[in-house]
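# Structural characterization, general
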Amino acid sequence: MIEILTPAELPRARAAGRFVADVLDDLRQRVTVGTNLLDIDRWTAEHIARAGATSCYVDYAPSFGRGPFGHFICTAVNDAVLHGLPHDRVLEDGDLLTLDLAVITDGFAADSAISFIVGATRPPESVALIEATERALAAGIAAAGPDARIGDLSHAIGSVLTGAGYPVNLEFGGHGIGSTMHQDPHVSNDGRPRRGYRLRPGLLLALEPWVMTDTDELVTDSDGWTLRSATGCRTAHSEHTIAITEDGAEVLTLPTRLR
């Protein structure tokens, strides 16, 4: 399904995006060396409950996971990159942590992910990975607008990632979003320009470039959910939900302090 929002619905989608962004912003500030991943999940659940919102993850049971997911946020550390199942793990100085959150408020979903380094130690490899995904995300957003095609966004994202020297996995990527978390069209993290679905004002997309340092191969953790790099290398992941407008694209998942 491809869902096109009306101008009257867009403010509700903006509110969902702002909520998700503000939760991630709060979590980023609260996470320190010694934080347990289960604490992050609990803090997220508290945010969602206070807002009267709905988690997109707790009951999520797709074919690629050992569902239902049963938690409120994805927490991926170091060699984990996608669908990180929160578990009893204490974060250490220099860990690369990715938080991925999708929530529905007032009938519309928003989805965003951030990667950052815990503590004072900043391994150069990790810094480079995070910066590459953030640049790729910015490039994908810049390529979006009315009459652009999905391939334009994929090409923009992939050009940054491959230009930085990283292999790109095409199994998982961005997606349409709206009243449900995962919709068509799929947005691959590499592709050919001027191909695929033509974008229209009112379309919401979650763009999510992610990379692994030296491989494009994933392996599934024994928990049935967490996807890790096949070589054990570090990974990073950045994601925003955007709305296609008459003039280009609006980022919905910016925290309040950056608006």
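It should be noted that the structure appears before, not after, this text.
Reference entry: report on the structure contained in this document. (Residues numbered from 1 in each chain as written. Predicted model: local features only at pLDDT ≥ 70, side-chain atom pairs only at ≥ 80, totals over all residues. Heavy atoms only, no water.)

### What to know about the overall build of the protein
- Within the protein one finds four helices and 14 strands.
- Taken against the 2.2 N^0.38 rule, which gives 18 Å for 259 residues, the C-alpha radius of gyration of the protein at 17 Å falls within 12% of a compact globule.
- Structurally, the protein occupies a C-alpha span of about 45 × 45 × 35 Å along its principal axes.
- Considering the protein as a whole, with its 259 residues, one finds that 57% of them fall into the buried category.
- In the protein, the share of contacts with a sequence separation of at least 24, taken over all contacts with a separation of at least 6, comes to 69%.
- When the accessible area of the protein is evaluated, it comes to approximately 10,500 Å², of which 51% is carbon and sulfur surface.
- For the protein, the centre of its 21 positive side-chain charges and the centre of its 35 negative side-chain charges are spaced 5 Å apart. (Helix = DSSP H or I, 4+ residues; strand = E, 2+ residues; numbered from the N terminus. Rg over C-alpha atoms; globule rule 2.2 N^0.38 Å. Buried < 20%, exposed > 50% of the residue type's maximum accessible area, 1.4 Å probe, protein only. Contact = heavy atoms within 4.5 Å. Areas by Shrake-Rupley, 256 points an atom, 1.4 Å probe, with all protein chains shown as cover. Lys, Arg positive; Asp, Glu negative; His and termini not counted. Charge placed at Lys NZ, Arg CZ, Asp CG, Glu CD.)

### Some words on the sheet that holds strand E13 (residues 240-244)
- Read from one edge to the other, the open sheet built from five strands follows the order E7-E6-E8-E13-E14, with strand pairing classed as antiparallel. Looking at strand neighbours, the two that pair on one side only are strand E7 (183-187) and strand E14 (249-251), the edges of this open sheet. Geometrically, the sheet is characterised by an average inter-axis angle of 25° between neighbouring strands, direction not taken into account.
- The pairing of strand E8 (residues 204-207) with E13 spans four bridges and is classified as antiparallel. Looking at the pairing, Leu-204 lines up with Ala-243 of E13. (Pairing = 2+ DSSP bridges. Axes fitted to C-alpha atoms, helices over the stretch in contact; angles between N-to-C directions.)

### Digging into helix H3 (residues 124-143)
- With 20 residues, H3 should reach 28 Å at 1.5 Å per residue; the first-to-last C-alpha distance of 29 Å fits that figure.
- Where H3 is concerned, the buried positions are Ser-126, Val-127, Leu-129, Ile-130, Ala-132, Thr-133, Ala-136, Leu-137, Ala-139, Gly-140 and Ile-141. (Expected span 1.5 Å × (residues − 1).)

### Topic: the pairing of strand E5 (residues 108-117)
- Here E5 lies mainly inside the structure; 10 of its 10 residues are buried.
- Here E5 shows two buried faces, one formed by Phe-108, Ala-110, Ser-112, Ile-114 and Phe-116 and the other by Ala-109, Asp-111, Ala-113, Ser-115 and Ile-117.
- Note: strand E4 (residues 96-105) against E5, 10 bridges, orientation antiparallel. Bridged to Thr-105 within E5 is Phe-108.
- Connecting the antiparallel pair E4 and E5 is a turn made up of two residues, with Asp-106 showing a positive phi of about 50°.

### Remarks on the state of the cysteines
- One pass over the full model with this rule turns up zero disulfides.
- In this model Cys-233 remains outside any disulfide bridge; the closest cysteine sulfur is found in Cys-74, 19 Å from its own.
- Note on Cys-233: relative accessible area 8%, which makes it buried. (Disulfide = S-S within 2.5 Å.)

### Some points on the nonpolar core
- Core analysis: the largest hydrophobic core is formed by 23 residues, its most contacted members being Val-31, Ile-40, Leu-91, Leu-97 and Leu-99.
- Sorting the residues of this core by element identifies helix H1 (10-30), helix H2 (37-51), E4 and E5 as the ones contributing at least two each.
- Not counting the four nearest positions on each side in its chain, Leu-99 is found in contact with Leu-24, Leu-27, Ile-40, Ile-73, Cys-74, Thr-75, Ser-112, Ala-113, Ile-114 and Phe-116.
- Counting residues in each nonpolar core, the second largest holds 17 residues, with Leu-5, Cys-74, Ala-102 and Phe-108 among its members. (Core = buried A, V, L, I, M, F, W, Y, C linked by side-chain atoms within 4.5 Å.)

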